[in-house]
Amino acid sequence: MIERLRTLGIADEVILSVMSAVPRHIFVEEALASRAYEDVSLPINYGQTISSPWIVARMSELLRANSDLGKVLEIGTGCGYQTAILAQIAQKVYSIERVGPLLTRTRIRLQELQIRNVHMRHADGLRGLAEAAPFDGIIMTAVTTHVPILLLEQLVVGGRMVFPKGTQKQNLCIIERNSQGYTETILEEVNFVPLLSGVVKK
Ligand code: SAH
């Protein structure tokens, strides 16, 4: 998997080494475990998917931008694989998921991996987490049609948000906060499940 990511253009050695250390098969159902290292997204129940290794590597690389991160906010915990990678490249990770049962399983997985610097919250992530803000980085793993202003306001000056944006066609998008405001960069085309509002309890 790591050699393939390198071939596909992932150059941040920190990300490659973290991804080689975190076992991906424990984040998917047993029946799919043999496919966990292929470069595909896989179903994780509740109509959601675990992002492909390439997408996880790419978004992590863009968020890290070659320097260690302090506080990071993730919207869309899902199975927690991206969360586990973030936990190795940031001092503290706050992760919000709207589907309660997904989060319950993810909490158990991260405990098993003895990952202790992640705080998970069952909520609608679009409001962010004002009490823990500001964040050095924000990553969102579900697609939105609009730039989420409330989240951008929770970035430090110098911080960045990485997320997919679009309607029929989606692209990765980076928004950086600077002293004058925000700058947006649109990158390659991607394919994510939609960001939804409200929470699912059972
Ligand atoms: N990165 C995760 C999940 C990707 S799927 C993984 O690789 O497993 C996107 C996730 O975002 C899903 O778990 C979905 O339930 C969640 N999600 C969608 N809208 C959300 C919202 N408004 N707030 C929090 N989580 C949301």
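Here the structure is shown first, and the text comes after it.
Residues numbered from 1 in each chain as written. Predicted model: local features only at pLDDT ≥ 70, side-chain atom pairs only at ≥ 80, totals over all residues. Heavy atoms only, no water.

### A short note on the overall build of the chain
So, step 1. Along the chain, the regular secondary structure elements total six helices and nine strands.
So, step 2. Here the C-alpha atoms of the chain give a radius of gyration of 16 Å, agreeing with the 17 Å that 2.2 N^0.38 yields for 202 residues.
So, step 3. Each principal axis of the C-alpha distribution contributes one length, and for the chain these read about 50 × 40 × 35 Å.
So, step 4. For the chain, the share of sequence-separated contacts (at least 6 apart) that also reach a separation of at least 24 residues comes to 53%.
So, step 5. A total of about 9,600 Å² of accessible surface is found on the chain, and carbon and sulfur atoms cover 51% of it.
So, step 6. Of note, the chain has its 21 positive side-chain charges centred 6 Å away from the centre of its 20 negative side-chain charges. (Helix = DSSP H or I, 4+ residues; strand = E, 2+ residues; numbered from the N terminus. Rg over C-alpha atoms; globule rule 2.2 N^0.38 Å. Contact = heavy atoms within 4.5 Å. Areas by Shrake-Rupley, 256 points an atom, 1.4 Å probe, with all protein chains shown as cover. Lys, Arg positive; Asp, Glu negative; His and termini not counted. Charge placed at Lys NZ, Arg CZ, Asp CG, Glu CD.)

### Quick notes on the site of the ligand
So, step 1. Within the structure, the ligand sits among 24 residues, and S51, E97, D124, G125 and L196 are positioned closest to it.
So, step 2. Here an oxygen atom of the ligand and a backbone polar atom of S51 are 3.0 Å apart.
So, step 3. Contact between the ligand and G125: a nitrogen atom at 2.8 Å from a main-chain N or O atom of the residue.
So, step 4. For the ligand, the accessible surface in isolation is 570 Å², of which the surrounding protein chains cover 99%.
So, step 5. Elements with a minimum of two residues in the shell around the ligand: strand 2 (49–50) and strand 4 (90–97). (Near = heavy atom within 4 Å. Polar contact = N/O pair within 3.5 Å; in protein donor to acceptor, adjacent residues only side chain to side chain.)

### Concerning the sheet that holds strand 8 (residues 170–178)
So, step 1. Spatial strand order, 5-4-3-6-7-8-9: seven strands in an open sheet with mixed pairing. For this open sheet the edge positions go to strand 5 (118–122) and strand 9 (181–190), each flanked by a neighbour on one side alone. Adjacent strand axes in the sheet meet at a mean angle of 15°, parallel and antiparallel pairs treated alike.
So, step 2. In terms of strand pairing, strand 7 (residues 155–166) meets strand 8 through seven bridges, oriented antiparallel. For V162, the partnering residue across the bridge sits in strand 8 and is I174.
So, step 3. Packed on one face of the sheet, helix 4 (residues 81–89) meets strand 3 (69–75), strand 4, strand 5 and strand 6 (135–140) and runs near 155° to strand 4.
So, step 4. Packed onto the sheet, helix 5 (residues 100–112) meets strand 4 and strand 5 and runs at close to 165° relative to strand 5. (Pairing = 2+ DSSP bridges. Axes fitted to C-alpha atoms, helices over the stretch in contact; angles between N-to-C directions.)

### Observations regarding the packing of aromatic side chains
So, step 1. Throughout the structure, instances matching the rule amount to two aromatic pairs.
So, step 2. Between F27 and Y81, the ring centres sit 5.4 Å apart and the planes meet at 70°, which makes this aromatic pair edge-to-face. Remark: Y81 occurs in helix 4 and F27 occurs in the loop between helix 2 (13–21) and strand 1 (42–43); sequence separation between them is 54 residues. For the pair F27 and Y81, one class covers both residues: buried.
So, step 3. Between the aromatic rings of Y94 and F135, the centroid separation amounts to 5.8 Å while the plane-to-plane angle is 65°, which identifies the pairing as edge-to-face. Taken as a pair, Y94 in strand 4 and F135 in strand 6 lie far apart in primary sequence, 41 residues in all. (Phe/Tyr/Trp six-rings, centres within 6.5 Å; stacked < 30°, edge-to-face > 60°. Buried < 20%, exposed > 50% of the residue type's maximum accessible area, 1.4 Å probe, protein only.)

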